[in-house]
Amino acid sequence: MANSNNNRRKFMATTLQSVGLTALGGLLWSGYTDEVKASPLILRPPGAIKEDDFTTACIKCGLCAEACQNRETNLDKETGLPKAGTLKMAKGGDHKLIGTPYFIPTEVPCYMCEDIPCVPVCPSGALDQLSVSNNKGELDINKASMGLAVVHKESCIAYWGIQCDACYRACPLLGDAITIEMHRNDRTGKHTFMLPIVHDNVCTGCGLCEQACVTEKPAIFVLPNDVSKGVAGDHYVKGWDQKDQERVQNAKAIETTTERSSQSSSDYLNSGDLY
Amino acid sequence: MKNIKYLLLRRVTQIGLLVLYFGANAYGWNILAGTFGSSLLFGTIPLADPYTTLQVLATGFVLGADVLLGALIIAFFYFIVGGRAFCSWVCPINMVTDFANWLRRKLKLDKNEINYRFLKRNARYWIMVLGLIVSAVVGISAFEVLSPITIMQRGIIFGFGSGIAVVLAIFLFDLFGVKNGWCGHLCPLGASYSLLGKASLIRVDHDHEACTNCMECKIVCPENHVLHMVNKESIMVTDGECTNCGRCIDVCGDDALKFSIRNYLKK
């Protein structure tokens with residue numbers, strides 16, 4: 001009898017220990033996992049779903065990166081072997097979520113292949129083929145939104161008045177994603193500033209402009225949409241735009257629940273110390 | 001001269017698969033592309049790891065049909081060839097831990113496995129379940145962010161980076177730390193294949209009549225508790241933790257062990 005009691009106590013203690021250790025392990029593991037998944041400054045392949053969902057969905061198989069590297073347009077003309085592709089698989093030391101695909105435009109930008117070899121091979125749904133297809137269901141790389149190119153005016157030599165249109169010429173959507181805006185150069189009185197302007201709704205974030213930029217560190221660079229784009233919110237509406245007006249319906253009024261003193265406004269005016 | 005038939009076959013399979021995966025990326029071969037998480041066989045047949053798939057499903061993400069079908073195909077395949085046949089015939093970490101284990105025997109680091117209080121062989125099942133829970137809580141496949149298996153495989157295909165440290169850590173852990181530490185105690189992927197192996201068809205069969213009780217099989221077996229029947233009764237090794245590596249068959253001088261197909265009808 002005493003023995004079975006002892007056994008039961010031992011069993012309870014072991015169970016408690018196992019559960020406790022599992023909880024400890026779970027906490028450490030969760031903390032670690034939560035830390036490593038955060039890499040906000042990362043550019044994903046075309047068609048990638050929202051970053052939060054992407055890190056969940058990506059099964060880290062590398063089929064996109066392999067398709068990118070082995071596409072016909074990437075073969076070295078001399079050796080016939082594929083060159084380094086655009087997409088890299090994050091490895092230890094890259095400080096990106098390990099095993100997920102990304103690219104660095106200054107090394108190899110996205111060349112925006114018309115047949116988008118990287119997207120249809122994705123088995124998990126992390127790369128969404130519909131998001132890079134047109135109404136007819138055909139692949140359309142121009143619909144990709146990997147990021148948005150941003151110009152740093154202070155280091156862009158075109159803003160200094162020096163003639164340079166490297167990014168404009170490199171852009172696969174030349175004239176649409178990047179346009180050149182002319183301004184009179186008052187300093188010389190006879191020259192023109194030819195300023196590159198990026199258009200958010202057209203730019204795919206391929207990074208060809210960033211790679212082409214002539215400055216030491218590119219003055220035009222691609223940032224993920226989450227980082228490069230602001231959000232005006234529902235309170236500001238273009239009153240002159242009928243479609244935009246519809247958004248006002250989503251706007252919520254801010255209601256304060258604290259009671260206001262009806263006295264305070266008149267007290268404020270009558271107190272005499274307005275300034 | 002010991003027989004090393006199955007050992008050689010396993011190494012050929014392991015390295016052969018890695019060569020195919022490597023070639024898919026480096027030379028565009030269309031035989032076996034991707035990684036163990038999810039692959040494409042001959043450019044058409046999807047394959048996916050069941051545990052990896054479960055982790056993604058645990059996060060609540062609705063996976064593409066290719067992965068789900070692939071996971072079913074792989075689960076069925078290992079149901080036939082023995083659940084943990086993945087561990088000994090496919091997994092590249094197996095070469096690392098086998099080497100650590102071999103070195104351990106040569107250096108005579110310890111003869112018997114020490115029974116650690118906090119590190120039992122069933123820890124892997126806890127870790128397996130925990131991995132799914134953490135995946136659900138954090139919203140990302142938890143084991144995949146640190147799995148030495150795919151880190152090593154991706155390392156071979158795409159380049160290691162500092163990921164090689166994880167592989168080295170496993171080697172040192174198994175050599176100087178716990179005997180069969182990673183594969184036998186911790187790996188949740190192996191644990192998931194163990195569950196499949198409980199019912200799988202191809203298993204090792206023991207012939208009690210032929211056994212001379214030399215215990216060579218138990219010395220070489222990385223999961224030697226599964227060989228409890230040796231020199232006791234003529235039954236099959238039905239424990240899911242047996243990896244079907246065939247080392248026991250190799251070292252057995254008496255033909256007392258052989259691969260056989262489990263007969264469910266006979267019972």
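Residues numbered from 1 in each chain as written. Chains lettered and ligands numbered in written order. Predicted model: local features only at pLDDT ≥ 70, side-chain atom pairs only at ≥ 80, totals over all residues.

Chemist: Please clarify how the overall build of chain B should be interpreted in this entry.
Modeler: When its secondary structure is counted, chain B shows 12 helices and 5 strands. For chain B, whose C-alpha radius of gyration is 19 Å, the value lies close to the compact-globule estimate of 18 Å for 267 residues. Overall size of chain B, expressed as C-alpha extent along the three principal axes, is 55 × 45 × 40 Å. Within chain B, the proportion of its 267 residues that are buried is 47%. (Helix = DSSP H or I, 4+ residues; strand = E, 2+ residues; numbered from the N terminus. Rg over C-alpha atoms; globule rule 2.2 N^0.38 Å. Buried ≥ 20, exposed ≤ 12 C-beta atoms within 10 Å, placed from the backbone.)

Chemist: Quick question: what am I supposed to make of helix H10 (residues 188-197) of chain B here?
Modeler: At 3.6 residues per turn, the α-helix brings residues three or four places apart onto the same side. Burial analysis of H10(B) places 9 of its 10 residues in the buried class, which makes it a mostly covered element. As for H10(B), its buried residues are in contact with helix H2 (50-58), helix H3 (65-81), helix H4 (85-89), helix H6 (123-138), helix H7 (148-158) and helix H9 (181-186) of chain B. (Contact = placed C-beta atoms within 7 Å.)

Chemist: Sorry, what's going on with the interface of chain A and chain B here?
Modeler: It is common to give the size of an interface as the accessible area lost on bringing the parts into contact. Each side of the interface is counted separately: chain A has 36 residues, and chain B has 45 residues. If you list the elements that add at least two residues to the side of chain A that touches chain B, you get helix H1 (2-36), helix H2 (51-57) and helix H3 (63-69) of chain A. Among the elements that make up the side of chain A that touches chain B, the one with the highest residue count is H1(A) (10 residues). Its residues placed into classes, the side of chain A that touches chain B shows 13 nonpolar, 16 polar and 7 charged. (Nonpolar A, V, L, I, M, F, W, Y, C, P; charged D, E, K, R; others polar.)

Chemist: Please clarify how the nonpolar core should be interpreted in this entry.
Modeler: The nonpolar side chains of a soluble globular protein tend to be buried, and buried together. Ranked by internal contacts, the top residues of the largest apolar core, which has 103 residues, are A:Leu63, A:Cys64, A:Cys118, A:Ala149, A:Cys209 and A:Ile220. Examining the composition of this core, we find that 6 residues originate from one element, H6(B), more than from any other. Setting aside chain neighbours within four positions, we find A:Ile220 in contact with A:Ala149, A:Val151, A:Cys156, A:Cys167, A:Pro196, A:Cys209, A:Glu210 and A:Cys213. One finds B:Val237, B:Val251, B:Cys252 and B:Leu257 within the second-largest nonpolar core, a separate group that totals 14 residues. (Core = buried A, V, L, I, M, F, W, Y, C linked by C-beta atoms within 7 Å.)

Chemist: Got a minute to help me understand the packing of H6(B) against H10(B) in this structure?
Modeler: All names here are of chain B. Where H6 contacts H10, the two axes come as close as 8 Å, and the packing angle between them is 100 degrees. Overall, the two elements H6 and H10 adopt an arrangement that is roughly perpendicular. Between H6 and H10, the residues in contact are Arg124, Tyr125, Ile127, Met128 and Gly131 and Pro188, Gly190, Ala191 and Ser192, respectively. Its residues placed into classes, the contact of H6 with H10 shows 5 nonpolar, 3 polar and 1 charged. (Axes fitted to C-alpha atoms, helices over the stretch in contact; angles between N-to-C directions. Parallel < 35°, antiparallel > 145°, perpendicular 65-115°, else oblique.)

Chemist: I tried to follow the domain arrangement of chain A on my own but got confused; where do I start?
Modeler: Residues and elements named next belong to chain A. For chain A, the assigned domains read domain 1 (38-144) and domain 2 (147-226). Spacing between the C-alpha centres of domain 1 and domain 2 amounts to 25 Å. Here the side of domain 1 that touches domain 2 is built from residues that sort into 9 nonpolar, 2 polar and 1 charged. (Domains from an automatic or database assignment.)

Chemist: Quick question: what am I supposed to make of the packing of helix H1 (residues 5-26) of chain B against H7(B) here?
Modeler: Each pair of packed helices can be described by the angle between their axes along with the distance between the axes. All names here are of chain B. Two elements in contact, H1 and H7, have axes separated by 8 Å at closest approach and are oriented at 50 degrees. When the axis of H1 is compared with that of H7, the two are oblique. In this structure, H1 crosses over H7, and the sense of that crossing is right-handed. Residue-level contacts link Leu18, Tyr21, Phe22 and Asn25 of H1 to Gln153, Ile156, Ile157 and Phe158 of H7. Residues that form the contact of H1 with H7 fall into these classes: 6 nonpolar, 2 polar and no charged. (Left-handed = near helix turned anticlockwise from the far one by under 90°.)

Chemist: Before we go on, may I ask you to explain the environment of B:Leu57 in this structure?
Modeler: All names here are of chain B. Mapped onto the secondary structure, Leu57 falls in helix H2. On the basis of neighbour count, Leu57 is assigned to the partly exposed category, with 18 C-beta atoms found within 10 Å. Linking Leu57 and Val251, residues 194 residues apart in sequence, is a C-alpha distance of 42 Å.

Chemist: For this particular structure, what's the right way to read the domain arrangement of chain B?
Modeler: All names here are of chain B. Domain assignment breaks chain B into domain 1 (5-195) and domain 2 (201-261). Taken over C-alpha atoms, the centre of domain 1 sits 24 Å from the centre of domain 2. On the side of domain 2, 15 residues touch domain 1, which itself brings 19 residues to the contact. Those elements that provide at least two residues to the side of domain 1 that touches domain 2 are H1, H3, H4, H9 and H10. Top contributing element to the side of domain 1 that touches domain 2 by residue count: H1, with 4 residues. Among the residues making up the side of domain 1 that touches domain 2, the classes are represented as 9 nonpolar, 7 polar and 3 charged.

Chemist: Could you clarify how one ought to interpret the sheet that holds strand E3 (residues 45-48) of chain B in this entry?
Modeler: Paired through their backbone hydrogen bonds, the strands of a sheet run either parallel or antiparallel. All names here are of chain B. Judged by pairing direction, the sheet is antiparallel, and its 3 strands sit side by side in the order E1-E2-E3 without closing on themselves. Both outer strands of the open sheet, strand E1 (32-35) and E3, are each paired with one neighbouring strand and no more. When strand polarity is set aside, the average angle formed by the axes of neighbouring strands in this sheet is 15 degrees. When strand E2 (residues 38-41) meets E3, the two strands line up antiparallel, connected through 4 bridges. Paired with Ser39 across the bridge in E3 is Leu47. (Pairing = 2+ DSSP bridges.)

Chemist: I tried to follow the pairing of E1(B) on my own but got confused; where do I start?
Modeler: Each regular strand carries side chains that alternate between the two faces of the sheet. Residues and elements named next belong to chain B. With 4 bridges connecting them, E1 and E2 associate as antiparallel partners. Paired with Leu32 across the two strands is Leu41, which belongs to E2. With antiparallel pairing between neighbouring strands as the criterion, E1 and E2 make up a hairpin whose turn holds 2 residues.

Chemist: Help me understand unusual backbone geometry in this model?
Modeler: Trans is the prevailing form of peptide bonds, just as negative phi is the prevailing case for residues other than glycine. The phi torsion at A:His95 lies on the positive side, around 55 degrees, for a residue other than glycine. Inspection of the secondary structure puts A:His95 in the loop between strand E1 (88-89) and strand E2 (101-102). For B:Asn180, which is not glycine, the phi dihedral falls at a positive 55 degrees.

Chemist: Is there a simple way to think about the environment of B:Gly190 in this case?
Modeler: Residue and element names in this part refer to chain B. Within the secondary structure, Gly190 is located in helix H10. Taking the number of C-beta atoms within 10 Å as the measure of exposure, Gly190 has 29 and is therefore buried. Along the backbone, Gly190 and Val96 are 94 residues apart, and their C-alpha atoms lie at a distance of 15 Å. Excluding residues within four positions of it along the chain, Gly190 makes contact with Arg84, Cys87, Arg124 and Cys183.

Chemist: How should the confidence of the model for chain B be read in this particular structure?
Modeler: As a general rule, the predicted coordinates of low-pLDDT regions are not to be interpreted in detail. All names here are of chain B. The predicted model of chain B averages 88 in pLDDT, with 96% of residues at 70 or higher. Per-residue pLDDT, averaged within each element of chain B, yields its smallest value for helix H11 (residues 216-220) (86) and its largest for H4 (93). Reported confidence for the predicted complex is 0.87 by ipTM and 0.85 by pTM. (pLDDT = per-residue confidence, 0-100.)

Chemist: So what exactly am I meant to see when it comes to H2(B) here?
Modeler: All buried positions along H2(B) are accounted for by B:Pro50, B:Tyr51, B:Thr52, B:Thr53, B:Gln55 and B:Val56. Check the buried side of H2(B) and you find it contacts H2 of chain A together with E3, H3, H6 and H10 of chain B. Looking one or two residues past H2(B), B:Gly60 carries a phi angle of roughly 95 degrees, positive in sign.

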